[in-house]
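# Per-entry structural report
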Amino acid sequence: MNKAKGYLAAAISSITYGMIPLFTFPLMDAGMRFESILFYRFLVAALIIGIILACRKERLLPSLREIPSIILLGLIYTGSSVFLFWSFNYLSGGIAATIMFLYPVFVALIMRIFYGEKISPMTLFAIAIAIYGVFMLYKGDGEGSLNLLGVILALLSGLCYGTYMIVVNKNRRISSMSGLRITFFACAGTAFFCGINSFFSTGIQKIPDMNSTLNISLLALLPTAFSCIALAAAVKSIGSTITSILGSLEPLSAVFCGIMFLDEPFTPSLALGIFMIVVSVIIIVLEKAKDRLIAKLKSGKDK
């Protein structure tokens, strides 16, 4: 895959991931609970990716040594998905997706606290911008502040997703897998845990109608399977740094879908909050890229 196709794949991954609210809110309006929605979403996505892996003749079944890491991966990814869907009960889809997009900030903080990675002044500045951006979002749509519980849930979703990214990079058994195989296990694990949770809490609901069937299929196909496949292709072609920068299209896509199709409000304070968060994430990603480049140049000189 050439660079142009890599950029296109990254953009497609981000834009389709931002479509989660577009297919989720109609399902909630139809009476489906988020536990059942998540179960069907990740079950269908796992089946789609599993078929692709089978066609590519990649191993589907995990080894015994891989199982603990896969369970951990599934639990963390489940937490990110559950918290995000919970936040939809209190926030618009675009705002929830934007707050969740703070995950690179959480990655920087976790790497500093648990791995001793230094935080540069620019990263601290980016974190301050991100906090201010969340504050602007919290001011709401001019009719009062956003629901605090919804903001906390969206932040927890971002925290779990940031932790997921760290596990993928730091866990030796996970990092040795292909991107598609990691995505398959994450989706399959999330479907398993959401299915258990739904079964013992509200029961797994039947899909109420054909329109809901279509929304679940599109939810599993576009912002889940298709987005993850495009993400893996983009990272392989242009690297994780540029792919992460293009990830700023995720909240913009979610906000656009909310305004155009879900009649969600959009005000100057919300626009400023979104802008500040996107800028902060781009600063952090570029700062990480600079550090890696400096380290690579130093290692080259040492040789």
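Residues numbered from 1 in each chain as written. Predicted model: local features only at pLDDT ≥ 70, side-chain atom pairs only at ≥ 80, totals over all residues. Heavy atoms only, no water.

In this fold, Gly116 is placed in the loop between helix 6 (103-115) and helix 7 (121-138). Sequence spacing of Gly116 and Ile207 is 91 residues, and the spatial spacing of their C-alpha atoms is 48 Å. (Helix = DSSP H or I, 4+ residues; strand = E, 2+ residues; numbered from the N terminus.)

A few words now on helix 5 (residues 93-100). Burial of helix 5 is extensive: 8 of the 8 residues sit out of reach of the surface. Regarding helix 5, the residues found buried are Gly93, Gly94, Ile95, Ala96, Ala97, Thr98, Ile99 and Met100. (Buried < 20%, exposed > 50% of the residue type's maximum accessible area, 1.4 Å probe, protein only.)

The subject of this paragraph is the pattern of salt bridges. A complete count under the given rule lists 4 salt bridges for this structure. Two residues, Glu66 and Arg181, come together in a salt bridge whose shortest N-O distance is 3.2 Å. In this pair, Glu66 sits in the loop between helix 3 (34-55) and helix 4 (67-87) while Arg181 sits in helix 10 (residues 179-201), placing the two residues 115 residues apart along the sequence. For the residue pair Glu66 and Arg181, the accessibility class agrees, reading buried in each case. Salt bridges sharing partners connect three or more residues here, namely Arg59, Glu66 and Arg181. (Salt bridge = Lys/Arg side-chain N within 4 Å of Asp/Glu carboxyl O.)

A word on the nonpolar core. Grouped together as the largest cluster of nonpolar side chains are 75 residues, with contacts concentrated most on Leu73, Phe85, Phe88, Leu102 and Tyr164. Per element, the largest residue contribution to this core is 10 residues, and it comes from helix 3. Residues contacting Leu102, with those up to four places away along its chain left out, are Ala130, Val134, Leu155 and Ile277. (Core = buried A, V, L, I, M, F, W, Y, C linked by side-chain atoms within 4.5 Å. Contact = heavy atoms within 4.5 Å.)

To continue, consider a nonpolar patch on the surface. Together, Phe192, Ile196, Phe199, Phe200 and Ile204 make up a nonpolar patch on the protein surface, roughly 550 Å² of accessible area in all. Among the structural elements, Ile196 can be located in helix 10. (Patch = residues over 30% accessible without salt bridge, like charges linked within 9 Å, V, L, I, M, F, W, Y side chains within 5 Å. Areas by Shrake-Rupley, 256 points an atom, 1.4 Å probe, with all protein chains shown as cover.)

Our next topic: empty space enclosed by the protein. Considering all chains together, one arrives at 3 cavities of 30 Å³ or more under this definition. The wall of the largest cavity is formed by Tyr17, Gly18, Ile20, Pro21, Leu84, Phe88, Ala97, Met100, Glu250 and Pro251. Secondary-structure elements contributing two or more residues to the lining of the largest cavity are helix 2 (20-29), helix 5 and helix 12 (249-261). For the lining of the largest cavity, the residue count by class is 8 nonpolar, 1 polar and 1 charged. Its volume calculated, the second largest cavity comes out at about 50 Å³. What lines the second largest cavity is Tyr17, Arg41, Phe42, Tyr77, Ser80, Ser81, Leu84, Ser157 and Tyr161. At the level of elements, helix 3, helix 4 and helix 8 (148-170) are the ones that each hand at least two residues to the lining of the second largest cavity. The biggest single contributor to the lining of the second largest cavity is helix 4, with 4 residues. (1 Å grid on protein atoms, 1.4 Å probe; cavity = no way out; pocket = protein on both sides within 12 Å on 5 of 7 lines; lining within 4 Å. Points joined across faces, edges and corners; volume = space filled by probe spheres on them. Nonpolar A, V, L, I, M, F, W, Y, C, P; charged D, E, K, R; others polar.)

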